[in-house]
Amino acid sequence: MQDSFTYTYRVKTSDLWQAMMYYSYSSFMGVVNVVFIVSAIALIISRWGEATDLFRALMVVLVLLFTVLQPASIWLRAKAALSGAPRELTLSAGREGLDITADGRDQHMGWDKVRGIVSKPTILILYVGDGSGYILRNSVLGTTRKDFHEFVKDRCQRR
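These numbers were taken from a predicted model, which means no experiment stands behind them. (Residues numbered from 1 in each chain as written. Predicted model: local features only at pLDDT ≥ 70, side-chain atom pairs only at ≥ 80, totals over all residues. Heavy atoms only, no water.)

Participant: Honestly, the overall build of the protein in this entry has me stumped. Any pointers?
Facilitator: Check the secondary structure of the protein and you find five helices and seven strands. In sequence order, the secondary structure elements of the protein are arranged as β-α-α-α-β-β-β-β-β-β-α-α. In summary, the protein has a C-alpha radius of gyration of 21 Å against a globular reference of 15 Å for 159 residues, an excess of more than 25%. Taken along its principal axes, the extent of the C-alpha atoms in the protein is 65 × 30 × 30 Å. Within the protein, one finds 19 positive and 14 negative side-chain charges whose respective centroids are separated by 5 Å. (Helix = DSSP H or I, 4+ residues; strand = E, 2+ residues; numbered from the N terminus. Rg over C-alpha atoms; globule rule 2.2 N^0.38 Å. Lys, Arg positive; Asp, Glu negative; His and termini not counted. Charge placed at Lys NZ, Arg CZ, Asp CG, Glu CD.)

In structure tokens:
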């Protein structure tokens, strides 16, 4: 296994959107969303033929609420959150911790400040002690995704 990793990338709105969507759908809110979507679809199937135009429109809006409108609102929140974000980020992970360079500023963070790493199908989220985190998408990680994940897990367990 490698003993250091360096990634230089631009954080995209889609990265933060994916993280927010994974968080939303893996929480209690996700369960409510899925139940609501299934219920709305069942309502459409069972009542479409006898419903008035107003009720049909309401049923369609209910389905769109969690399948289109909620993801769109999360996209807008992600876009707003990244409006002042650094243009390019370099994240280096080594034996001593993380080195982050963004907008010409350098920061070192020891492994004692790293809370953990979460693996989702398209991204890894590296959580740090100040409540923030770093999102690394698969295209940035390339073939090192598994090795980087194991490296960070190992470093977090050693602290």
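Participant: Just checking my understanding: could you explain helix α5 (residues 145–158) for this structure?
Facilitator: Counted at 1.5 Å a residue, the expected span for α5 with its 14 residues is 20 Å, and the 20 Å between its end C-alpha atoms agrees. The complete set of buried residues in α5 reads Phe-148, His-149, Phe-151, Val-152, Arg-155 and Cys-156. Down the axis of α5, the sector holding all buried residues measures 160 degrees, keeping them to one side. Exposed positions of α5 whose direction lies more than 90 degrees from the buried face are Lys-146, Gln-157 and Arg-158. Lining the buried residues of α5 we find β1 (5–9), β2 (89–94), β5 (114–119), β6 (123–128), β7 (133–137) and α4 (138–141). (Expected span 1.5 Å × (residues − 1). Buried < 20%, exposed > 50% of the residue type's maximum accessible area, 1.4 Å probe, protein only. Arc of directions from axis to C-beta. Contact = heavy atoms within 4.5 Å.)

Participant: I tried to follow the sheet that holds β7 on my own but got confused; where do I start?
Facilitator: Hydrogen bonds along the backbone pair up the strands of a sheet, which may run parallel or antiparallel. One open sheet accounts for three strands, arranged β5-β6-β7; its pairing is antiparallel. Lying at the two open borders of the sheet, with one neighbouring strand each, are β5 and β7. Each strand of the sheet is rotated relative to its neighbour by a mean of 15 degrees, with strand direction disregarded. In this sheet, β6 lies alongside β5 in antiparallel orientation, the contact comprising five bridges. (Pairing = 2+ DSSP bridges. Axes fitted to C-alpha atoms, helices over the stretch in contact; angles between N-to-C directions.)

Participant: Sorry, what's going on with the packing of aromatic side chains here?
Facilitator: Any aromatic ring pair is given by two values, namely how distant the centres are and how the planes are angled relative to each other. With the rule as written, the count across this model stands at seven aromatic pairs. A network of ring pairs unites the aromatic residues Phe-5, Tyr-7, Trp-111, Phe-148 and Phe-151 as a single cluster. (Phe/Tyr/Trp six-rings, centres within 6.5 Å; stacked < 30°, edge-to-face > 60°.)

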